[in-house]
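Structural description and commentary
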Protein chains: 2
Amino acid sequence: MAVGAAAARTIMKKNYVRPLDLACGAVDLSHGGGGRAMLQLISEVFGRAFDNEWLRRGDDGAVLPAPAAGERLVIATDAHVVSPLFFPGGDIGCLAVHGTINDVAMMGARPLYLAASFILEEGFPLAELARIVASMAAAAKEAGVPVVTGDTKVVEKGKGDGIFITTTGVGALPAGRELSGANARPGDAVIVSGTLGDHGMAIMARREGLAFESGIRSDTAALHGLVESALAAVPGLRVLRDPTRGGLAATLNEIARQSGVGIVLDEMALPVNPQVAAACEFLGLDPLHIANEGKLIAICAADEADALVAALRAHPLGARAARVGEVCADERCFVQMKTALGGRRMVDWLASEQLPRIC
Amino acid sequence: MAVGAAAARTIMKKNYVRPLDLACGAVDLSHGGGGRAMLQLISEVFGRAFDNEWLRRGDDGAVLPAPAAGERLVIATDAHVVSPLFFPGGDIGCLAVHGTINDVAMMGARPLYLAASFILEEGFPLAELARIVASMAAAAKEAGVPVVTGDTKVVEKGKGDGIFITTTGVGALPAGRELSGANARPGDAVIVSGTLGDHGMAIMARREGLAFESGIRSDTAALHGLVESALAAVPGLRVLRDPTRGGLAATLNEIARQSGVGIVLDEMALPVNPQVAAACEFLGLDPLHIANEGKLIAICAADEADALVAALRAHPLGARAARVGEVCADERCFVQMKTALGGRRMVDWLASEQLPRIC
């Protein structure tokens, strides 16, 4: 016995789902339940913003062209828990796209695809979700790296903090490229692609209510184009790394440890925006420890440094690139800095947390 | 002026970090800060458990062999927010490995690599973290799918719920395999690989304090081996899907919608453990709507159904496989069930949330 027409009408009526109220609505637990409400959220918010052939299929994963013959696969993943969600220069959405693209790019790979997983807190305004997803979609489109698959979970009010986004990036690494934090050698030059501390100080200024006075903006940006420029100029580049959490200091200490070398920075050469320097002084922070989201550190042979700096400066995201130090033999793996006054001081990682939830 | 020996000793002393107190310690914000404490957590907890050549490199991403020529790439991602974290038959750790391996396997692909991203709440006991990570590592090892890269963030107490884990899986899809929820055709057979509702009811029983009496255990398991057996027997398999959130009902409704067909289930044929049936009755739940984490739905041509059921039953994870229904032409895309009493009822998705945080 098939379902009769009357029963079908009842069912259709019962199943009628109002459009999401993107102006005043909020996430509720049903949006993570695997049922009709989740489907609606996925289709009206995520599907519409990220629209592409893979998401449109509605399967549990995406089937994609593999890297070309001879290329290797690169995978990187990052959870994003930045607070506040919106800050001068960006938001958690574009940050989640840029951060993971950059991790893939730092391996020397061409980013190809992104997967995005959302953990939403019950009560989170749909308007903010839509704004964040639109920002992700715009960042992914600008970078040319589509979000091909995703997942959404909802946790009860008080068990999350609005929205957390984990992005995973998959890229293709051409043959012959061998970048690693373990490749720095004594004598190499250390180069940064621009000013230090902008992202972290944009977040801090917003938290401390200094946003409108300071004019400091996050530098969040996708760096794969800059990386291609750098590798075109200096194919033998040894190390690329983006100095995010823990800033330049943590990243250089990591590289020094991985490579078994020391690094000496030149304080006079470090590019820092005057507003960032002033805000750091005001808040008692050191720009060397502040997160960046649109900068890279490159290490190359000393005789290729000028070519690399020139290539970086020729790209809009590397206009303020500078050679800031050199690699030296040091089995203690110390990172040090020649100060403006002619002395030397240690540049250590921070033992504890200076700026929680910066990315 | 280099750092003198005395200064170096001071620094080394200052930098001395005690081993993590895995018995009584807790996660604090410094474990997500990008500094020395984070490095220690990563090395002593994650690095030790997941140990492999890619993690050992300590880079921001992993460089991996690409799929073989002619194979396509499959990517799937899943956030895991299950509560409670430990339940009869598993925990959030092995669930995060199985869940994502299964999403990759349901596309017909061989799972190759996992990326894992952790969002930890300040105050979360390190002992529980280590137990969860050990469970993940054991599940990954058993499945033969290594965790090749990861990320850790920490949020303030009250802004998370212990631990959330997002896993992303990358797999290789051999040429010729074309599985999709959109491929079901009228006349096809619908097969499930075993009993329904075990995972969801194990979680519910634990939440309701029925755990010890019920004996119900989660079915959480990696299904890629079972999928290979199924595809070896029936290469023309049309649809594979794991009925997780929303259970068999939601998954079949999704498939019906994707394929533009109807589905008719036979209630008498549906395998359900007696304890699960009893607990469902007790709690007023329907096993059709309860999540599974170690079962699959397969749809194939009717004349291949017997071969498929036999192949599934020959595998330890498919011992109770059964043919449970058929695909029919129905432009309304209804999923219906022939009841034990000879009637027919609609099998709808749930409009709202029945079991939050089941995975």
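In this text, all values refer to a predicted model and were calculated from it rather than measured experimentally. (Residues numbered from 1 in each chain as written. Chains lettered and ligands numbered in written order. Predicted model: local features only at pLDDT ≥ 70, side-chain atom pairs only at ≥ 80, totals over all residues. Heavy atoms only, no water.)

Moving on to the UniProt feature "domain: PurM-like N-terminal" (unreviewed entry) in chain A. Taking the UniProt record as the reference, the feature "domain: PurM-like N-terminal" (unreviewed entry) is found at residues 58–172 of chain A. The span residues 58–172 of chain A shows a helical share of 28% and a strand share of 41%, and its end C-alpha atoms are spaced 25 Å apart. (UniProt positions renumbered as here; feature names shortened; annotations may be inferred. Helix = DSSP H or I, 4+ residues; strand = E, 2+ residues; numbered from the N terminus.)

Let us now look at the sheet that holds strand E6 (residues 147–155) of chain B. The strand order E1(A)-E2(B)-E7(B)-E5(B)-E6(B) describes an open sheet built from five strands, whose pairing is mixed. Where the open sheet ends on each side, the last strands, each with one partner, are strand E1 (62–64) of chain A together with E6 of chain B. Adjacent strand axes in the sheet meet at a mean angle of 15 degrees when their direction is disregarded. Contacts from helix H5 (residues 126–143) of chain B reach strand E5 (110–121), E6 and strand E7 (163–173) of chain B within the one sheet, and its direction differs from that of E7(B) by about 10 degrees. (Pairing = 2+ DSSP bridges. Axes fitted to C-alpha atoms, helices over the stretch in contact; angles between N-to-C directions. Contact = heavy atoms within 4.5 Å.)

Across the boundary between the two partners, chain B contributes 89 residues, which contact 89 residues of chain A. When chain B packs against chain A, close to 7,400 Å² is buried across both sides, 59% of that on carbon and sulfur atoms. Considering only the side of chain B, the residues that lose the most area to chain A are B:Asp60, B:Ile75 and B:Arg245, jointly responsible for 10% of the buried surface there. The salt bridge partner of B:Arg241 is A:Asp59, with a shortest N-O separation of 2.9 Å. There are 33 residue pairs in polar contact (both at pLDDT 80 or more) connecting chain B and chain A. Taken together, the residues that form the side of chain B that touches chain A break down as 42 nonpolar, 23 polar and 24 charged. By the bridge criterion, three bridges tie strand E2 (residues 72–80) of chain A to strand E1 (residues 62–64) of chain B in an arrangement that is antiparallel. Bridge pairing links A:Leu73 to B:Leu64 in E1(B). (Buried area = accessible area lost by both parts, 1.4 Å probe. Salt bridge = Lys/Arg side-chain N within 4 Å of Asp/Glu carboxyl O. Polar contact = N/O pair within 3.5 Å; in protein donor to acceptor, adjacent residues only side chain to side chain. Nonpolar A, V, L, I, M, F, W, Y, C, P; charged D, E, K, R; others polar.)

With that out of the way, let us pick up the relation of the copies chain B and chain A. The transform that puts chain B on chain A rotates by 180 degrees and translates by 0.0 Å along the axis, for an RMSD of 0.0 Å. Taken together, the rotation and translation describe the operation of a two-fold axis. Using C-alpha coordinates, one finds that chain B approaches the rotation axis most closely at B:Gly160, a distance of 2.1 Å. Both copies share a contact surface, since 100% of the interface residues of chain B are interface residues in chain A too. (Least-squares fit on C-alpha atoms with pLDDT ≥ 70 in both.)

For the rest of this paragraph, the subject is the side chain of A:Thr167. Residue and element names in this part refer to chain A. Secondary-structure assignment places Thr167 in strand E7 (residues 163–173). On the basis of relative accessible area, Thr167 is assigned to the buried category, the value being 1%. A polar atom in the side chain of Thr167 sits 3.5 Å from the side chain of His80. Only 2.7 Å separates the side chain of Thr167 from the backbone oxygen of Ala96, close enough to count as a polar contact. Those residues in contact with Thr167 that sit more than four places away from it in its chain are Ala76, Thr77, Asp78, His80, Ala96, Thr100, Ala115, Ala116 and Met136. (Buried < 20%, exposed > 50% of the residue type's maximum accessible area, 1.4 Å probe, protein only.)

Right, let's get into the packing of aromatic side chains. According to the stated counting rule, one finds six aromatic pairs over all chains in the structure shown. Relative to B:Phe164, the ring of A:Phe164 has its centre 6.4 Å away and its plane inclined at 45 degrees; by these criteria the two rings are tilted. With one member in each of two chains, A:Phe164 in strand E7 and B:Phe164 in strand E7 form a pair that bridges those chains. The burial state of A:Phe164 is the same as that of B:Phe164; both residues are buried. When the ring of B:Trp54 is compared with that of B:Tyr113, the centres are 6.2 Å apart and the planes differ by 70 degrees; the resulting orientation is edge-to-face. Taken together, the residues B:Trp54 in helix H3 (residues 53–57) and B:Tyr113 in strand E5 connect sequence positions 59 residues apart. Taken individually, B:Trp54 and B:Tyr113 each receive the classification buried, so the pair is uniform in this respect. (Phe/Tyr/Trp six-rings, centres within 6.5 Å; stacked < 30°, edge-to-face > 60°.)

Before going further, it helps to examine the sheet that holds strand E9 (residues 239–241) of chain A. All names here are of chain A. One open sheet holds the seven strands; their spatial order is E9-E11-E8-E12-E10-E13-E14, and the pairing between them is mixed. At either margin of the open sheet sits one strand with a lone partner, and together these are E9 and strand E14 (344–346). Geometrically, the sheet is characterised by an average inter-axis angle of 25 degrees between neighbouring strands, direction not taken into account. Set on the sheet, helix H9 (residues 247–259) makes contact with strand E8 (189–192), E9, strand E10 (262–266), strand E11 (297–300) and strand E13 (335–338); between it and E9 the angle comes to about 145 degrees.

Summed over the entire model, instances satisfying the criterion amount to 40 salt bridges over all chains. One salt bridge connects A:Glu228 with A:Arg177, and the closest N-O pair in it is separated by 3.0 Å. Pair noted here: A:Glu228 is in helix H8 (residues 224–233) and A:Arg177 is in the loop between E7 and E8, with a separation of 51 residues, a long-range link. We classify A:Arg177 as buried; its relative accessible area is 18%. Close ionic contact of B:Lys295 with B:Asp219 constitutes a salt bridge, the shortest N to O distance being 3.1 Å. With B:Lys295 in the loop between helix H10 (274–283) and strand E11 (297–300) and B:Asp219 in the loop between helix H7 (211–214) and helix H8 (224–233), this pair connects stretches of sequence that are 76 residues apart. The class for B:Asp219 is buried, based on a relative accessible area of 13%.

Moving on: the domain arrangement of chain A. All names here are of chain A. Each assigned domain of chain A is listed with its residue range as follows: domain 1 (18–173) and domain 2 (189–346). Each of domain 1 and domain 2 has a C-alpha centre, and these two points are 28 Å apart. For the pair domain 1 and domain 2, the summed buried surface comes to about 1,700 Å²; carbon and sulfur atoms form 62% of the total. Contact with domain 2 buries surface across domain 1, with Pro88, Asn102 and Met106 losing the most and accounting together for 35% of the total. Linking domain 1 with domain 2 are zero salt bridges. The tally of links between domain 1 and domain 2 comes to eight residue pairs in polar contact (both at pLDDT 80 or more). Those elements that provide at least two residues to the side of domain 1 that touches domain 2 are strand E3 (86–87), helix H4 (92–105) and strand E5 (110–121). (Domains from an automatic or database assignment.)

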